Amino acid sequence: LIYCYRKPKTKRAKRFLEKREPKLKENTKNAMLIKGGNANLTVTEVLKDIYAVKKPFAVLYKKKNITRPFEDQTSLEFFSKKSDCSLFLFGSHNKKRPNNLIIGRMFDYHVLDMIELGIEKFVSLKDVKNSKCPEGTKPMLIFAGDMFDVNEEYRRLKSLLIDFFRGPSVPSIRLAGLEYVLHFTAVDGKIYMRSYKVLLKKSGCKIPRIELEEMGPSLDLVMRRTHLASDDLYKLSLKQPKALKPKKKKNISHDVFGTTYGRIHMQKQDLGKLQTRKMKGLKKRPAEKSAEDGGFSPKKSKSA
């Protein structure tokens, strides 16, 4: 295939192409939320609530799209390229798989991973009458359960959820900004998603007392079908450019406590020529000088 590069004619087109060019540090991943051709009210409400949590890094398609991602992925790849989204959440409903969600991600505009989840219980943002976090709040992600570390499918699901909800990378953290928690628990073959608002209360000292208040949405999910990338393709998707890899510094080591040790190489120093403070007590006596000269000290002859 021969790729023909067309030179942009307007400044707007130039900015659009520059935005999509390869970068050393990639942009924050955007997600597209797509409604299937036979989505019911529950699936529609779930997509709206996830969109509210994910904003502004999300695109919600309101029209129904008749597609089956596990059978044909061309429409998802088309929407991914059109909206420049590397994450997707597809909702559908039928008799065989009721209240169905498919969460996945793209690599080079091709489907990398897909995991199908069934909704067993759903509590929306409207049903919980509490104060909400402002739009664009970066959540803290907590994963509980041995399955996220033991089972390969659950481990890949954990990676998918981190990619989906982590938000933008930040250089520093402000204590007051830690106000939103997403908690995922894997137990007895089910995944429980809960969201809480962090309340900082007075404790009488510097460290505040923390309380969690349920905010919504909350989901009880069960895993259905999976489409996982091969180990080689998954490894290729994690590859980083050489410019981002940290350079190894010579003669520097760290211990288990994080203390940094450095080794300095110096030439051999002649301590005899070392400049010291001149004191009377350090002056050499005549006997010491004669011993250094070989035991003979010529005396001046007295004039007659």
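Residues numbered from 1 in each chain as written. Predicted model: local features only at pLDDT ≥ 70, side-chain atom pairs only at ≥ 80, totals over all residues. Heavy atoms only, no water.

- Under the annotation held in an unreviewed UniProt entry, the chain carries the name Ribosome production factor 2 homolog and is attributed to Pelecanoides urinatrix.
- On record in UniProt, under Subcellular location (unreviewed entry), the comment for the chain is "Nucleus, Nucleolus". (UniProt positions renumbered as here; feature names shortened; annotations may be inferred.)

1. A short note on the pattern of salt bridges
And step 1. Here the structure, examined in full by the defined rule, presents 14 salt bridges.
And step 2. For Asp 163, the salt bridge goes to Arg 166, with nearest N and O atoms at 3.7 Å.
And step 3. Arg 209 serves as the salt-bridge partner of Glu 211, at 2.4 Å between the closest nitrogen and oxygen.
And step 4. Each of Lys 29, Arg 105, Asp 113, Glu 152, Arg 155, Arg 156, Asp 163 and Arg 166 takes part in a single network of salt bridges with overlapping partners. (Salt bridge = Lys/Arg side-chain N within 4 Å of Asp/Glu carboxyl O.)

2. Regarding the environment of Gly 177
And step 1. Relative to the helices and strands, Gly 177 is located in the loop between helix H5 (152-165) and strand E7 (180-187).
And step 2. As for Gly 177 and Thr 137, which are separated by 40 residues in sequence, their C-alpha atoms are 7.8 Å apart. (Helix = DSSP H or I, 4+ residues; strand = E, 2+ residues; numbered from the N terminus.)

3. A word on the pairing of strand E8 (residues 190-201)
And step 1. As paired elements, E7 and E8 share eight bridges and run antiparallel to each other. If you follow Leu 182 over to E8, its bridge partner there is Ser 195.
And step 2. Here E7 folds back onto E8 in antiparallel fashion, the turn holding two residues, of which Asp 188 has a positive phi close to 55°.
And step 3. As judged from the four bridges shared by E8 and strand E10 (residues 218-227), these two strands associate in the antiparallel manner. By the bridge assignment for E10, Tyr 192 is matched with Asp 220.
And step 4. In this sheet, strand E9 (residues 209-214) lies alongside E8 in antiparallel orientation, the contact comprising six bridges. (Pairing = 2+ DSSP bridges.)

4. Overview of the UniProt feature "domain: Brix" (unreviewed entry) in the chain
And step 1. Under the local residue numbering, the UniProt record ascribes the feature "domain: Brix" (unreviewed entry) to residues 29-232.
And step 2. End-to-end, the C-alpha atoms of residues 29-232 are 22 Å apart, and along that stretch the chain is 22% helix and 41% strand.

5. Comments concerning a nonpolar patch on the surface
And step 1. On the surface, Leu 175, Leu 200, Ile 210 and Leu 212 cluster together into a nonpolar patch covering about 400 Å² of accessible area.
And step 2. With respect to the helices and strands, the residue Leu 175 is situated in the loop between H5 and E7. (Patch = residues over 30% accessible without salt bridge, like charges linked within 9 Å, V, L, I, M, F, W, Y side chains within 5 Å. Areas by Shrake-Rupley, 256 points an atom, 1.4 Å probe, with all protein chains shown as cover.)

6. Thoughts on the side chain of Thr 67
And step 1. Note that Thr 67 resides in the loop between strand E2 (58-65) and helix H3 (74-83).
And step 2. What makes Thr 67 buried here is its relative accessible area of 16%.
And step 3. At a separation of 2.9 Å, a polar atom in the side chain of Thr 67 contacts the side chain of Ser 75.
And step 4. Apart from the residues within four sequence positions on either side, Thr 67 is in contact with Asp 72, Ser 75 and Phe 90. (Buried < 20%, exposed > 50% of the residue type's maximum accessible area, 1.4 Å probe, protein only. Polar contact = N/O pair within 3.5 Å; in protein donor to acceptor, adjacent residues only side chain to side chain. Contact = heavy atoms within 4.5 Å.)

7. What to know about the side chain of Asp 113
And step 1. Mapped onto the fold, Asp 113 is located in strand E5 (residues 110-123).
And step 2. Owing to a relative accessible area of 0%, Asp 113 belongs among the buried residues under this scheme.
And step 3. A distance of 3.2 Å separates the side chain of Asp 113 from the side chain of Arg 156, its partner in a polar contact.
And step 4. In terms of polar contacts, Asp 113 uses its side chain to reach the backbone amide nitrogen of Ala 229, at 2.9 Å.

8. What to know about the packing of aromatic side chains
And step 1. In total, this model carries seven aromatic pairs according to the counting rule given.
And step 2. Judged by centre distance (5.0 Å) and plane angle (45°), the rings of Tyr 61 and Phe 79 are tilted. In this pair, Tyr 61 is assigned in strand E2 and Phe 79 in helix H3, connecting sequence segments 18 residues apart. With respect to burial, Tyr 61 and Phe 79 carry one shared label: buried.
And step 3. Ring centres of Phe 165 and Phe 184 lie 6.0 Å apart, and the angle between their planes is 40°; this geometry places the pair in the tilted category. A residue pair is termed long-range when its members are at least 10 positions apart, and Phe 165 in helix H5 and Phe 184 in strand E7 qualify at 19 residues.
And step 4. The class of Phe 165 is buried, set by a relative accessible area of 8%.
And step 5. Each member of the aromatic cluster is reached from another via a ring pair, and the members are Phe 143, Phe 148, Tyr 154, Phe 164, Phe 165 and Phe 184. (Phe/Tyr/Trp six-rings, centres within 6.5 Å; stacked < 30°, edge-to-face > 60°.)

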